[in-house]
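Here are the chains, one letter per residue:
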Amino acid sequence: VAPDGFDIIDMTAGGQINSDQRRNLGSVAKVLQHAASNKLFEGENEHLSSMNNYLSETYQEFSSCWNTRMQLPLRKMTY
């Protein structure tokens, strides 16, 4: 995931993010991906395994919230 490729941060005037910023934003993206897919950290990401219980416990809440939002009626579009 390239955080600067999705307008997550301001990249005006040819700015760039440094390697620490890129790595930190990539870690945040990794945690969000695991939270959304109910995937636990293991293997290469063993150092993040202390978050597994939290991710498992909150997945149902996350899923329920998402499903509720997906069922909201769409607003009529007016041109």
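Before reading on, note that the structure itself is shown above.
Residue numbering note: each chain is counted from 1, following its sequence as written. In view of the model being predicted, local features appear only for residues whose pLDDT reaches at least 70, and side-chain atom pairs are presented and counted only at 80 or more, with totals across whole chains, interfaces and linings using the full set of residues. To get the side-chain values, all heavy atoms of the structure are used, and hydrogens and water are removed first.

Caption draft 1: Seen up close, helix α2 (residues 52–70). A run of H or I in DSSP counts as a helix once it spans at least four residues, and a run of E counts as a strand once it spans at least two, with each numbered from the N terminus. A helix is expected to span 1.5 Å multiplied by its residue count minus one. Taking 1.5 Å per residue, 19 residues should reach 27 Å; α2 reaches 26 Å between its end C-alpha atoms and fits that length. The reported bend at a residue is simply the angle between two axes, fitted to the 7 residues ending at it and to the 7 residues beginning with it. T58 marks the point of greatest bend in α2, at about 40°. Classification of residues uses two cut-offs on accessible area relative to the type maximum, computed with a 1.4 Å probe and protein chains only: under 20% is buried, over 50% is exposed, and between them is partly exposed. Restricting attention to buried positions, one finds in α2 the residues N52, L55 and S63.

Caption draft 2: Structural view of helix α1 (residues 19–37). Counted at 1.5 Å a residue, the expected span for α1 with its 19 residues is 27 Å, and the 27 Å between its end C-alpha atoms agrees. Taken as a whole, α1 has its buried residues at A29, H34 and A35. Pairs of residues are marked as contacts when any of their non-hydrogen atoms sit within 4.5 Å. Where α1 is buried, its residues touch α2. One side-chain oxygen at the N-terminal end of α1 lies 3.0 Å from the backbone nitrogen of D20; it belongs to N18. Residue N38 follows α1 closely and has a positive phi angle near 55°. Here a polar contact is recorded for every N or O atom pair within 3.5 Å, except that within protein the pair must consist of a potential hydrogen donor and a potential acceptor, and residues adjacent in sequence are included only if both atoms are side-chain atoms.

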